[in-house]
Structure formats: C-alpha cells, structure tokens
Amino acid sequence: IGSVIASTDAASVFNILKTRNLNLKDNTASLLELESGSNDPISYMLTVVLVSLMSGSSISVPALLFQQIFFGLLFGVLIGLIAIWVLRNINFTISQGQTILVFAVAIIAYALPTAVNGNGYLSVYLCGILMGNTQIPQKRDLVHFFDVLTGIAQMMVFFLLGLLVTPTELPRVFIPALLIMVFLTFVGRPLSVFAVLAPFRSSLPQIGIVSWAGLRGVASIVFAIYAVLNRVPLT
C-alpha cells in the first residue's frame, strides 16, 4: 500500500496556487516540482519489486533495483540528448514533424528501458527534464500539445478506474481507505516531511506547505491497477 500511494501530484497543488495567485517563498514551488517528478519512478520501482515478491517470483532484489535505476538513467539521458540534437539540426518537411517526433520520443523513452527491466518512468522523467530545460524550435507549440495529451490521458485513466470498480465492494473497503487517508494526511506525511526538511533548517511554514501538498494523483491509480491485475494477495 505504501509503495502504491507513495506518488504525489504537485500539478494539483500548482493549479490551486495559480488560481489563487499565490507565490511560494524559499523555492518551495521548485521543491514540490522536484518531489512530484522524482517520486513517480521510485513509487513505480517499489511497486514492481514488491508485486514480484508477493507473487512468488524468484528475483534478486538488488539486481532488479540496479537494472531499474541504471537503465532508467542511461536511456533517459541518452534518448533526451539525441532528441534535442535531432530537433535542433534536422528540418522537417511537415509542420507537425516536431510534435510527432517528441511524441515518439516519449514512447521510446519508456519502452526501451522497460524492455530490459529498466525504470520507464525514470527514463521518461529525465528525458522530459532535459528537453524541457533546453531551447528547441517551436517549444511553445509542443508544450500546448502535451498539455492536451496529459488531460486526455488522465481522463482515460479515471475512466479505466471506473470500469474496474465494483460498487457493491465499496462499503467493505471504505473504512480502511478512510483510515489510511487520515493517517497519511495528518500523521505520516507531516512526520516524514519534517524529518527530511528539519535538518536543512527549513521554516515551519515551508514544512507545513510541503506536508499539505501530498495529494495523490493519477500515478497512484495506475500503480494500484498494476498491483490488482497481477493478483497479489492483499489479505
């Protein structure tokens, strides 16, 4: 359960702050962005490892963790650098060529490391970080395209979640789910954030904001579906 719901969605927090026109001090927004982007690959990696163990698979945990991290880092950086070079040095004959290329890059950045037991989420994240912080032609149009694509993907995930939910089973899991939510919101998240940020002399308001920003997003739903479809024993 901890691995599945370890991922947080800072995009929801940023949307709230943007609509309220609020500014965060002490680079708190950057901190939340880094946390949200980096904990998705870690949550995915822990979910894969624990699902394999609970399913009775004979695996070497150190070897699997090494493969996940090494190939995720390698392919993410390599594919990102290649994509940047292509976008800067090759002229496309069609106006949508760059969009098609970047979309293909995102798929390849996930698929290649996954094929060798690497962390596809980590690879895509690093590839996106490299491309997003580099000056490339028609970058504004690419950002708009992927904003729309992100919205469509989120709707598809929630639609899939609805198909997998059995209404008659909801009363049985409601109380445990409610207790987990209360613990995460008021105990687990605040204590863990305080333990991490306090040694860096972060202010209490910053620690409070980061603690509150632990909203769960679509990634947690995907990891939960992954665990359920692999039929791991949950009781």
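Preceding this section is the structure that the text describes.
Here is a short report on the structure shown in this document.

Cut-offs and rules
Residues numbered from 1 in each chain as written. Predicted model: local features only at pLDDT ≥ 70, side-chain atom pairs only at ≥ 80, totals over all residues. Heavy atoms only, no water. Helix = DSSP H or I, 4+ residues; strand = E, 2+ residues; numbered from the N terminus. Rg over C-alpha atoms; globule rule 2.2 N^0.38 Å. Buried < 20%, exposed > 50% of the residue type's maximum accessible area, 1.4 Å probe, protein only. Contact = heavy atoms within 4.5 Å. Areas by Shrake-Rupley, 256 points an atom, 1.4 Å probe, with all protein chains shown as cover. Lys, Arg positive; Asp, Glu negative; His and termini not counted. Charge placed at Lys NZ, Arg CZ, Asp CG, Glu CD. Polar contact = N/O pair within 3.5 Å; in protein donor to acceptor, adjacent residues only side chain to side chain. Phe/Tyr/Trp six-rings, centres within 6.5 Å; stacked < 30°, edge-to-face > 60°. Core = buried A, V, L, I, M, F, W, Y, C linked by side-chain atoms within 4.5 Å. Salt bridge = Lys/Arg side-chain N within 4 Å of Asp/Glu carboxyl O. Expected span 1.5 Å × (residues − 1). Bend = angle between axes of the 7 residues up to and from the residue.

Now for the overall build of the protein chain. A tally of regular secondary structure across the protein chain gives 9 helices and 0 strands. Overall, the protein chain shows an N-to-C arrangement of helices and strands of α-α-α-α-α-α-α-α-α. The C-alpha atoms of the protein chain give a radius of gyration of 20 Å, which matches the 18 Å a tight globule of 235 residues would have. Within the protein chain, the proportion of its 235 residues that are buried is 31%. For the protein chain, long-range pairs separated by at least 24 residues make up 75% of all intrachain contacts whose partners lie at least 6 apart in sequence. Carbon and sulfur atoms provide 70% of the accessible area of the protein chain, an area that totals close to 15,000 Å². Looking at charge distribution, the protein chain has the averaged site of its 11 positive side-chain charges lying 4 Å from that of its 8 negative ones.

Okay, the side chain of T47 next. Counting through the fold element by element, T47 comes out in helix α2 (residues 28-54). Here the side chain of T47 touches S43 through a polar contact of 2.7 Å, landing on its backbone oxygen. Contact partners of T47, with chain neighbours within four places excluded, come to S3, V4, F223 and Y226.

So, on to the packing of aromatic side chains. In the structure shown here, the tally under the stated rule is 9 aromatic pairs. Measuring from ring centre to ring centre gives 5.3 Å for F70 and F71, while their planes differ by 75°; the resulting arrangement is edge-to-face. For F70, a relative accessible area of 39% gives the class partly exposed. Grouping aromatic residues by their ring pairs yields a cluster made of Y44, Y110, Y121 and F223.

Further remarks concern the nonpolar core. Grouped together as the largest cluster of nonpolar side chains are 12 residues: F75, I79, A83, I84, L87, V102, V105, A109, C127, M131, I136 and L142. Elements that contribute at least two residues to this core include exactly α3 (61-89), α4 (97-115) and α5 (120-132). A per-element tally of this core places α3 first, with 5 residues. Ignoring any residue separated from it by four or fewer positions in sequence, one finds A109 in contact with I79, G120, S123, V124 and C127. In this structure, V13, V193, I207 and V210 belong to the second largest nonpolar core, which totals 8 residues.

Tallied over the full model, the rule gives 1 salt bridge. One salt bridge in this structure joins R189 and E35, with 2.6 Å as the shortest N-O distance. Remark: E35 occurs in helix α2 and R189 occurs in helix α7 (residues 170-197); sequence separation between them is 154 residues.

Considering the arrangement of structural elements, one finds G120 in helix α5. For the pair G120 and A109, spaced 11 residues apart in sequence, the C-alpha separation works out to 6.8 Å. In contact with G120, other than residues within four places in its own chain, are Y44, A109, Y110, P113 and T114.

In this section: α2. The end-to-end C-alpha separation of α2 is 37 Å, in line with the 39 Å expected for 27 residues at 1.5 Å each. Remark: the principal bend of α2, roughly 30°, maps to N39, with a proline, P41, within the next four residues. Positioned one or two residues after α2, G56 has a phi angle of 85°, which is positive.

Given 3.6 residues to a turn, an α-helix orients residues that are three or four positions apart in the same direction. Spanning 19 residues, α4 covers 26 Å between terminal C-alpha atoms, matching the ideal 27 Å at 1.5 Å per step. Among all positions of α4, only G97, Q98, V102, V105, A109 and P113 are buried. As for α4, its buried residues are in contact with α3, α5 and α6 (139-164). Within two residues after α4, N117 carries a phi angle of roughly 65°, on the positive side.

In short, geometric facts, not functional conclusions.
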